[in-house]
Amino acid sequence: MAAFITVLFDGVAYGSLLFVISVGMSVTLGLMRFINLAHGAFAMFGGYTACVLAERWGVSMFASLPVVLVGFAAVGAVLERLVYRWVSRTRPLDQVLLTIGIAFIATAVASKIWGPYPRRLAVPEALTGQLHVLGVDLGIYRLFLIGMVVVITTVLHVLIERTRFGAQLRAAVDRPEVGAGLGIPVNQVFTASFAIGSGLAAVGGVLGVETLGLDPVFTFRFMVYFLLVVVVGGEGSIVGSALAAGALGVFDVVGKYYFPSVGGFLIYGLMVVLLLVFPHGLIRRGR
Amino acid sequence: MTAGGPGAEPGVASPPVALRTEGLCKRWGVVYVNDRIDLTLPVGARHALIGPNGAGKTTLVNLLTGLYPPTAGRVLLGDTDVTKLAMHERVKRGLVRTFQINTLFPGLTVLESVVLAICERTGAARRWARSVARLDAPIAEAAALLDRLGLGSAAHTVTRNLPYGKQRLLEIALALALQPKVLLLDEPASGIPAGDSTEVFEVIAALPGDVTVLFIEHDMELVFRFAQRVAVLVDGRLLTEGTPAEIAADPRVRDVYLGETASEKLG
Amino acid sequence: MTGRGGAIGAGLPSDRWRIWDAALWLAPVAAYFVFPDHLVLGSQVIIAALFALSLDVVLGYAGITSLGHAAFFGLGAYTAGLLAAHGWGEPLTGLACAAVVAAVVGYLTSFLVVRGSALAQLMITLGVDLLLREAANKAARWTGGTDGLSDLPVGDLLGVFHFDLAGRTGYVYSLAVAFAAFVLVRRVVSSPFGLSLRAIREGAARMPALGAPVGRRLVAAFTFGAALAGIAGALLTQTSQGVALEVFGTERSASVLIMLVLGGTGRLYGAFLGAGLFMLMQDYLARLDPVYWQLWIGCLLVAVVLLGRGGVLGIAEVLRARWTRGSVP
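Residues numbered from 1 in each chain as written. Chains lettered and ligands numbered in written order. Predicted model: local features only at pLDDT ≥ 70, side-chain atom pairs only at ≥ 80, totals over all residues. Heavy atoms only, no water.

### With respect to the interface of chain C and chain A
Contact with chain C, which involves 33 residues of that partner, is made by 40 residues of chain A. The interface formed by chain C and chain A holds zero salt bridges in total. Linking chain C to chain A there are zero residue pairs in polar contact (both at pLDDT 80 or more). Going through the elements one at a time, α5 (118-138), α10 (250-263) and α12 (290-307) of chain C are the ones with two or more residues in the side of chain C that touches chain A. Looking at the side of chain C that touches chain A element by element, the count peaks at 12 residues for α5(C). Taken together, the residues that form the side of chain C that touches chain A break down as 24 nonpolar, five polar and four charged. (Contact = heavy atoms within 4.5 Å. Salt bridge = Lys/Arg side-chain N within 4 Å of Asp/Glu carboxyl O. Polar contact = N/O pair within 3.5 Å; in protein donor to acceptor, adjacent residues only side chain to side chain. Helix = DSSP H or I, 4+ residues; strand = E, 2+ residues; numbered from the N terminus. Nonpolar A, V, L, I, M, F, W, Y, C, P; charged D, E, K, R; others polar.)

### Structural notes on a positive patch on the surface
Judged by side-chain charge, Lys92(B), Arg126(B), Arg127(B) and Arg216(C) come together as a positively charged surface patch. Mapped onto the secondary structure, Arg127(B) falls in the loop between α3 (110-122) and α4 (136-148). (Patch = residues over 30% accessible without salt bridge, like charges linked within 9 Å, V, L, I, M, F, W, Y side chains within 5 Å. Areas by Shrake-Rupley, 256 points an atom, 1.4 Å probe, with all protein chains shown as cover. Lys, Arg positive; Asp, Glu negative; His and termini not counted. Charge placed at Lys NZ, Arg CZ, Asp CG, Glu CD.)

### A word on the sheet that holds strand β2 (residues 31-42) of chain B
Residue and element names in this part refer to chain B. With respect to topology, four strands assemble into an open sheet ordered β2-β1-β4-β5, the strand pairing being antiparallel. Looking at strand neighbours, the two that pair on one side only are β2 and β5 (80-81), the edges of this open sheet. Examined bridge by bridge, strand β1 (residues 17-28) and β2 share eight bridges and lie antiparallel to one another. In the strand pairing of β2, Trp28 is matched with Val31. In this fold helix α1 (residues 57-65) packs onto β1, β2 and β4 (72-77), with an angle of close to 115 degrees to the strand it touches most, β1. (Pairing = 2+ DSSP bridges. Axes fitted to C-alpha atoms, helices over the stretch in contact; angles between N-to-C directions.)

### Regarding the pattern of salt bridges
Inspection of every chain in the model, using the stated rule, returns 22 salt bridges over all chains. With its nearest N and O atoms 2.8 Å apart, the salt bridge here joins Glu120(B) to Arg217(C). On the criterion of chain membership, the pair formed by Glu120(B) in helix α3 and Arg217(C) in helix α9 (residues 214-240) is interchain, its members lying in two chains. Of the residues examined, Glu120(B) reaches a relative accessible area of 1% and is grouped as buried. For Arg217(C), a relative accessible area of 7% puts it in the buried group. When the shortest N-O distance is used, the salt bridge between Asp21(C) and Arg186(C) registers 3.0 Å. Residue Asp21(C) is located in helix α1 (residues 19-34), and its partner Arg186(C) is located in helix α7 (residues 168-189); the two are separated by 165 residues in the primary sequence. Its relative accessible area of 2% is what places Asp21(C) among the buried residues. According to the relative accessible area criterion, Arg186(C) is buried, its value standing at 5%. Salt bridges sharing common partners tie together Arg20(B), Glu22(B), Arg74(B) and Asp81(B). (Buried < 20%, exposed > 50% of the residue type's maximum accessible area, 1.4 Å probe, protein only.)

### Here's the deal with the arrangement of the chains
If you rank the two pairs of chains in contact by how many contacts each has, first place goes to chains B and C. You won't find any contact between chain A and chain B; their C-alpha atoms come no closer than 10 Å.

### Examining the interface of chain B and chain C
Contact with chain B, which involves 38 residues of that partner, is made by 34 residues of chain C. The contact between chain B and chain C buries some 3000 Å² in all, and 66% of this surface belongs to carbon and sulfur atoms. For the pair chain B and chain C, the interface holds three salt bridges. Counting every contact that joins chain B to chain C gives 13 residue pairs in polar contact (both at pLDDT 80 or more). (Buried area = accessible area lost by both parts, 1.4 Å probe.)

### Some points on the packing of aromatic side chains
Residues and elements named next belong to chain C. What the rule picks out here adds up to 30 aromatic pairs over all chains. Taking the centre distance of 4.9 Å and the plane angle of 35 degrees together, the rings of Phe182 and Tyr269 count as tilted. One end of the pair, Phe182, is in helix α7; the other, Tyr269, is in helix α11 (residues 269-288), and 87 residues separate them in sequence. Ring-pair connections join several aromatic residues into one group, and the members of that group are Trp17, Trp25, Phe179, Phe182, Tyr269 and Phe272. (Phe/Tyr/Trp six-rings, centres within 6.5 Å; stacked < 30°, edge-to-face > 60°.)

### Regarding the environment of Tyr258(A)
Residue and element names in this part refer to chain A. Tracing the backbone through its elements, the reader meets Tyr258 in helix α10 (residues 238-258). Taking the C-alpha atoms as reference, Tyr258 lies 27 Å from Asp215; in sequence the two are 43 residues apart. When near neighbours in sequence (up to four residues on either side) are disregarded, Tyr258 contacts Ala3, Phe4 and Val7.

### With respect to the packing of helix α2 (residues 39-61) of chain C against α10(C)
Residue and element names in this part refer to chain C. Remark: α2 packs on α10, axes separated minimally by 9 Å, with the N-to-C direction vectors making an angle of 80 degrees. It follows that α2 is roughly perpendicular to α10 by the angle criterion. On α10, the residues that touch Ala48, Phe51, Ala52, Leu55, Asp56 and Leu59 of α2 are Arg252, Val256, Leu257, Met259 and Leu260. For the contact of α2 with α10, the residue count by class is nine nonpolar, no polar and two charged. (Parallel < 35°, antiparallel > 145°, perpendicular 65-115°, else oblique.)

### Some remarks on a nonpolar patch on the surface
Residue and element names in this part refer to chain A. A cluster of nonpolar side chains, Met1, Phe4, Ile5, Leu8, Tyr257, Tyr258 and Phe259, forms an exposed patch at the surface whose accessible area comes to about 720 Å². Within the residue set of the nonpolar patch, elements represented by two or more residues are α1 (2-31) and α10. Tallying contributions element by element places α1 first for the nonpolar patch, with three residues. Within the secondary structure, Phe4 is located in helix α1. Phe4 sits in the partly exposed class, given a relative accessible area of 33%.

### Quick notes on the confidence of the model for chain A
In this model, chain A carries a mean pLDDT of 81, and residues with pLDDT of at least 70 account for 90%. The secondary-structure element of chain A with the lowest mean pLDDT is helix α7 (residues 176-181) of chain A, recorded at 70, while helix α2 (residues 39-57) of chain A shows the highest, at 91. (pLDDT = per-residue confidence, 0-100.)

### Remarks on the sheet that holds strand β9 (residues 229-234) of chain B
Residue and element names in this part refer to chain B. The mixed open sheet is built from six strands, whose spatial order is β6-β7-β8-β3-β9-β10. The open sheet has two edge strands, β6 (95-97) and β10 (237-242), and neither has a second partner. When the angles between neighbouring strand axes are averaged without regard to direction, this sheet yields 20 degrees. Relative to β10, β9 runs antiparallel, the two sharing five bridges. For Val230, the partnering residue across the bridge sits in β10 and is Gly242. The sheet contacts of α1 involve β3 (46-50), β6, β7 (182-186), β8 (212-216) and β9, and relative to β6 the element is tilted by about 145 degrees.

Structure (structure tokens):
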């Protein structure tokens, strides 16, 4: 029983990591209807940046988090302005192809600079070790991950549902022409959202170096997972993404622990089943 | 066309009904966009549906054709209850519509579009073994139809390169190619220059007597010229219906919709 | 692809053969004699072209966004492989079986695919592809797992032509099958069914209002595309006498998508052009440095999308229109 709880807990933690990275994609996909298959590249480069900061200047993971958040938010904003904006928002195939191309470029760049082997990043002292709770050993780092998810979900939820920016974003997504007519700076709102999503992805990448593994093919390897979280969780629903990520994480970890012979089979099967039963995702944004 | 229940006069045989609705409702959120609509179209009718913007006219047509299901009520085509039928099945039974906003195939030529419509009607569209260019009968039929509507010269123009007025004509051509029994026209003349729009209506008026036509229009001249009966839709409800003269004289209609200028025109 | 069916029929879809159709198909025939040492690569290009053609039916004509078309390629490949491994090495029947297996699975999955948005289509096709790859991986007892199956006893073509090491039989076989498939696809695409597919792609909103059962048409198109992909996969297995997990997976699905988009979707020859360009570039660049290959492909994709002209053939069309317009007084 204790083993099961630990596995469950590990699954939730894993899911939390997937969520932090994917939530940005949920924003761009659900709210902006933009399919960004290169989203994982932000996470990847975030992770690499933290590694470089740690190796060159001994910057701890904690300290690198805000740097990465702001830095990659800026990169996201620039990318949106320069490249993504020009791709017609009504042609999904174009978005798929463009972002696959960017994913290839990202993989090639990472390969060239850092080589094909996985990187390591030291977990801060304060987060190592385990907490003994009710007869079960819970890793502190994993608790931290789960905590981060709760914080991020709340902040995003409040941001989107309760603030003026969030209202502008929702209006701009529903009817850009009307939004623009009402004086909402639609372009800037989109850029800002994209920036937030990218920054969060990068943060997720930093947090996930040890758990998910960091190498040049990261972008493609996790593409399916991020898509899964966003599509199953419901496009645009932050809470839905959190739930989907949690479910996915649990299924993956539990599956690999108890049914190792089945492996990744379970995830893809689960995805197809979930898409069949909930064709619009777990939580549909009331439209 | 009756706004109330069926059968106005007892003991009089009513003409065969082409299309009928019973208590048709559509609710979006808390608003009833169509509220308990009872409509009866006898075979061969030339009826108009008018009403202010946002009254729910296009929604009614969408319900009749099956674009989305009603919140309540039934739609009957002839004797058959078609409320649960998908749109393409209703089309196969002769219920055809045009769209208020041109809903065409941008990359197809005018001739291709009409030939396709004809093939869909005859069932040839699922054939994969012969190329379209060899189908003499549909091509001839399409060419004749295009000539009737004045689109003959544009036959090989790609739809997206057509001027708006011609696109509107193509919209109607597609509907006519399906040889409808009941034809629902959603603002067919909008965007067509005044001279040409009468032509379009004359083509429609010249349709066989057993074809039933319901058209939504804002141009009152066209309505009074071509409609036998007019129904007025306001805020989702059928306010009243009657002959064009009756409608013009009805003070409620004047208040709500026609306005001073039109009633002056009619005296 | 227009033809003459009488004065008014001019401009309607037709599959009449033109001079340059014959010329284009003479090229690979000539290649057989001009490049006798590169026939294995040649077969691979032809097989890739057939695979891309099958995707063109699904994506270019039916407008379904598929990122998992390798699922059917792999199904065909393993069907042929398993048949050969278990004693049934006859190539043509193996090909037929592969087509059937791929078609059946394609038919079953098509119902999931046709009712979704572009994103849902992407996810489902991706999911099915990866699912099948995992299944093939796990069923290692039959499929050989990550090692795959090799040295398959593929029988002689028509009982006479042995699959030789130089790849001569393989080349001719692949070319013949690809040609037959091309003729078939060309006929289907210029038929009323093909026209209705294009119409669905152009204006899905109008089609039900024309009385067209959109779902059924898309199911048919998807199944057809799956069957053709299965044939391509089987060809690969039979000409190389082996099959491995890479017939499935995102890399193969993405590659064929790129090939098609590079050459131009909805234009049939785009599949061949794109496959040729892609395979030749890959052969050259990947040998230099795999990193350059990824970089190059990434940049090409970004360029193709941003230019928005529909691949090489699309650009060619735009240029030709400009040129003919310019030369008319």
